[in-house]
Amino acid sequence: MQKTRLVSGVRPTGLLHIGHLEGMLKNTASLQDIYECYPFIADWHSLTDVTDTSNLPHYILQAAVDWLSAGIDPEKSTLFIQSHVSEHAELSTLLTMITPVSWLERCPTYKDKVQNLTQHLNQREGPSTGLLEYPVLMTSDVIVYKAELVPVGADNVAHLEVSREIVRRFNHIYGNVFPEPQPLLTKNAELPGLDGRKMSKSYGNTIQLSDSPETTRKNIMKMVTDPGRIRRNDPGNPDVCPVFAYHKVYNPDEVPQIDKECRSAAIGCVDCKRNLTDNLIAEMTPFYEKRAQWESKPKVVREVLAHGANRARRVAKDTMAEVRAAMNLV
Ligand code: SF4
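Report follows, based on the coordinates. (Residues numbered from 1 in each chain as written. Predicted model: local features only at pLDDT ≥ 70, side-chain atom pairs only at ≥ 80, totals over all residues. Heavy atoms only, no water.)

### Observations concerning unusual backbone geometry
Backbone geometry places Lys146, a non-glycine residue, at a positive phi of 50 degrees. You can see Lys146 is positioned in the loop between helix H8 (134-143) and strand S4 (149-152). Even without a glycine there, the phi angle at Ala265 is positive, about 60 degrees. By the secondary structure assignment, Ala265 is in the loop between helix H12 (255-263) and helix H13 (269-295). Look at Ala265 and you get buried, because its relative accessible area is 13%. (Helix = DSSP H or I, 4+ residues; strand = E, 2+ residues; numbered from the N terminus. Buried < 20%, exposed > 50% of the residue type's maximum accessible area, 1.4 Å probe, protein only.)

### Structural notes on the site of the ligand
The full set of residues close to the ligand is Thr225, Asp226, Arg229, Cys241, Val243, Phe244, Cys262, Ile267, Cys269 and Cys272. Each residue belonging to the shell around the ligand can be placed in one class, and the counts come to 7 nonpolar, 1 polar and 2 charged. (Near = heavy atom within 4 Å. Nonpolar A, V, L, I, M, F, W, Y, C, P; charged D, E, K, R; others polar.)

### Some details on the side chain of Glu165
Among the structural elements, Glu165 can be located in helix H9 (residues 157-174). The buried category is assigned to Glu165, whose relative accessible area is 19%. Apart from residues no more than four positions distant in its own chain, Glu165 is found in contact with Trp103 and Arg106. (Contact = heavy atoms within 4.5 Å.)

### Describing the nonpolar core
Ranked by size, the top nonpolar core spans 46 residues in total, and within it Ile18, Leu25, Tyr246 and Met284 carry the most contacts. Elements that contribute at least two residues to this core include exactly helix H1 (18-31), helix H3 (56-69), helix H11 (242-250), H12, H13 and helix H14 (298-326). Ignoring anything within four residues of it in the chain, the contact list for Met284 reads Ile18, Leu21, Leu209 and Tyr250. One finds Tyr38, Leu91, Trp103 and Tyr110 within the second-largest nonpolar core, a separate group that totals 38 residues. (Core = buried A, V, L, I, M, F, W, Y, C linked by side-chain atoms within 4.5 Å.)

### With respect to the packing of aromatic side chains
Applying the stated criterion across every chain yields a total of 6 aromatic pairs. Each ring, one from Phe287 and one from Tyr288, has its centre 6.3 Å from the other, and the planes form 65 degrees; the classification is edge-to-face. Each of the two residues, Phe287 as well as Tyr288, counts as buried. Put simply, the rings of Tyr38, Phe40, Phe80 and Tyr145 touch in pairs and so form one group of aromatic residues. When the ring centre of Tyr203 is taken as origin, the NZ or CZ atom of Arg197, which lies over that ring, is 4.0 Å away. In this structure, Lys297 packs its charged tip against the face of Trp294, placed 5.0 Å from the ring centre. (Phe/Tyr/Trp six-rings, centres within 6.5 Å; stacked < 30°, edge-to-face > 60°. Lys NZ or Arg CZ within 6 Å of the ring centre and 35° of its normal.)

### What to know about the pairing of strand S1 (residues 5-10)
Counting buried residues in S1 gives 5 out of 6 residues, a clear majority hidden from the surface. Where S1 lies against strand S2 (residues 36-41), 6 bridges are found, and the strand directions are parallel. By the bridge assignment for S2, Gly9 is matched with Phe40. For the crossover from S1 across H1 to S2, the handedness is right-handed. (Pairing = 2+ DSSP bridges. Right-handed = clockwise from strand over helix to strand, strands pointing away.)

### Concerning the side chain of Thr319
Residue placement: Thr319 occurs in helix H14. Thr319 gets classed as buried once you look at its relative accessible area, which sits at 3%. In terms of polar contacts, Thr319 uses its side chain to reach the backbone carbonyl oxygen of Val144, at 2.8 Å. Once residues lying within four places of it in the same chain are set aside, the contact partners of Thr319 are Ile143, Val144, Lys146 and Phe178. (Polar contact = N/O pair within 3.5 Å; in protein donor to acceptor, adjacent residues only side chain to side chain.)

### So, the pattern of salt bridges
Summed over all chains, the structure comprises 21 salt bridges. Between Arg168 and Glu161 there is a salt bridge whose closest N-O contact spans 3.0 Å. By relative accessible area, which is 34% here, Arg168 ends up partly exposed. Take Glu161: its relative accessible area is 32%, and that puts it in the partly exposed class. One salt bridge in this structure joins Lys299 and Glu303, with 3.5 Å as the shortest N-O distance. Of this pair, Lys299 and Glu303 both sit in helix H14, separated by 4 residues, roughly a single helical turn. (Salt bridge = Lys/Arg side-chain N within 4 Å of Asp/Glu carboxyl O.)

In structure tokens:
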């Protein structure tokens, strides 16, 4: 019996960070025994943010190393690069013909990015067509495999809704070709950046997966804490401290004790961070070891990606034959 298909992608706009690992990579790896998984590296999607592509090949290879080190088994899952399966683009083009611009203009991510572009980059030309059409390509990424599930955190469920609308419209016009993709709610570890803001490459506040344990240790020791705790004897508020958010993920057993000791100033921030770092590095050590192995074999990683693209293409080609027939593009 064929397993339910699941698609999840990461954008190689830079080196992946610990938020990607906890939010996406590990989740997908944990699902590959239950579902037929298509983890991919969304290089076309990264072009909506990046115009200097000189580092893109490096970022793509590193993202593949991260997927594999997080436990993606190339025998069980189809790991590939988006642009190596051109059917994604063909289907996206066809879907744009039935997608009203107004659906895309109201997407929250589009609105946020447009605001950021105008605020920070002062781009007089305005946003690119690719940015507007991002949800269409994203829909194509999923339905070209007739995937039924997309793992998302609770705050991202709305992003899948436009894909579901596009699928409903296509099926209504051309017949029932695609299943409506459903969100698969995943545990979303809340890991803020080193400065307490959302972790993002553009803020320069990430803990990168390719960093050595020593670099990670140094970075955590520099992490901001409760801004109201100025002196060692001041009581702290762990609820507003990014370090505490990491304890919840990497040191859950000690969370009640740290909460108490922080509020009573029984523990200092330096000791609290040292404790976190020891636990985080211990938990991450198997990942670091696998990563060192995969990184030393770039040729094998490229073979995995080529094999994955071949497998993905076979499925995507069958879907496109069905789509062309449904649309009378024969
Ligand atoms: Fe944050 Fe720990 Fe300092 Fe409390 S003791 S403010 S939880 S780093």
